[in-house]
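A closer look at the structure
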Amino acid sequence: AKTENVLSREHHYYVPSNRIAGIQDRLQNGDLIGTTTSMKGMDVSHTGMVLRQGNVVRFMHAPLSGKKVLVSEGSLAEYVTGISSHTGIVVVRPLEPRP
């Protein structure tokens with residue numbers, strides 16, 4: 001609870017739902033995505049990864065229901081805007097280890 005209180009006071013940056021389509025070309029395979037949410041008490045409601053298939057950026061994730069990893073049928077932007085509680089995304093890009 002102490003850690004959560006400290007983190008809650010920090011500024012959090014995210015890409016709003018209506019701006020995701022405009023930044024998809026900058027996302028890379030393997031980027032980690034957290035879907036931000038309007039749900040009270042939560043910042044991120046779901047996580048997954050970017051999967052580029054041709055020119056389409058998709059969301060690869062493990063849903064709560066079912067036991068297999070899914071790839072969104074539409075683009076990442078379509079996935080996020082298709083769920084009313086999603087407000088946008090946060091993006092994390094793992095870096096290559098330094099020697």
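Please refer to the structure higher up on the page.
Residues numbered from 1 in each chain as written. Predicted model: local features only at pLDDT ≥ 70, side-chain atom pairs only at ≥ 80, totals over all residues. Heavy atoms only, no water.

1. A closer look at the sheet that holds strand β5 (residues 70-71)
The six strands are arranged β1-β6-β2-β3-β4-β5 in an open sheet whose pairing can be described as antiparallel. In this open sheet, the two strands that pair with only one neighbour each are β1 (15-16) and β5. (Pairing = 2+ DSSP bridges. Helix = DSSP H or I, 4+ residues; strand = E, 2+ residues; numbered from the N terminus.)

2. Here we look at the side chain of H61
Along the chain, the position of H61 falls in strand β4 (residues 56-61). With relative accessibility at 8%, the residue H61 sits in the buried group. Among the polar contacts listed, one links the side chain of H61 to the side chain of H46, at a separation of 3.0 Å. Excluding residues within four positions of it along the chain, H61 makes contact with H46, T47, G48, K68, V69, L70 and Y79. (Buried < 20%, exposed > 50% of the residue type's maximum accessible area, 1.4 Å probe, protein only. Polar contact = N/O pair within 3.5 Å; in protein donor to acceptor, adjacent residues only side chain to side chain. Contact = heavy atoms within 4.5 Å.)

3. Some remarks on the pairing of strand β6 (residues 86-92)
Each regular strand displays side chains that alternate between the two surfaces of the sheet. The pairing of β1 with β6 spans two bridges and is antiparallel. Paired with P16 across the two strands is G88, which belongs to β6. Bridge count for strand β2 (residues 32-37) against β6 is six bridges, and the pairing is antiparallel. Its bridge partner being in β6, T37 is matched across the sheet by H86.

4. Some words on the side chain of S75
Among the structural elements, S75 can be located in the loop between β5 and α3 (76-81). Not counting residues up to four positions away in its chain, the partners in contact with S75 are Q24, V56 and V57.

5. A look at the pattern of salt bridges
Going through the model one piece at a time under the given rule, you end up with one salt bridge. Of the charged contacts in the structure, one is a salt bridge between R93 and D31, with a shortest N-O distance of 2.8 Å. Of this pair, R93 sits in the segment after β6 while D31 sits in the loop between α2 (20-23) and β2, and the two are 62 residues apart along the sequence. Of the residues examined, D31 reaches a relative accessible area of 1% and is grouped as buried. (Salt bridge = Lys/Arg side-chain N within 4 Å of Asp/Glu carboxyl O.)

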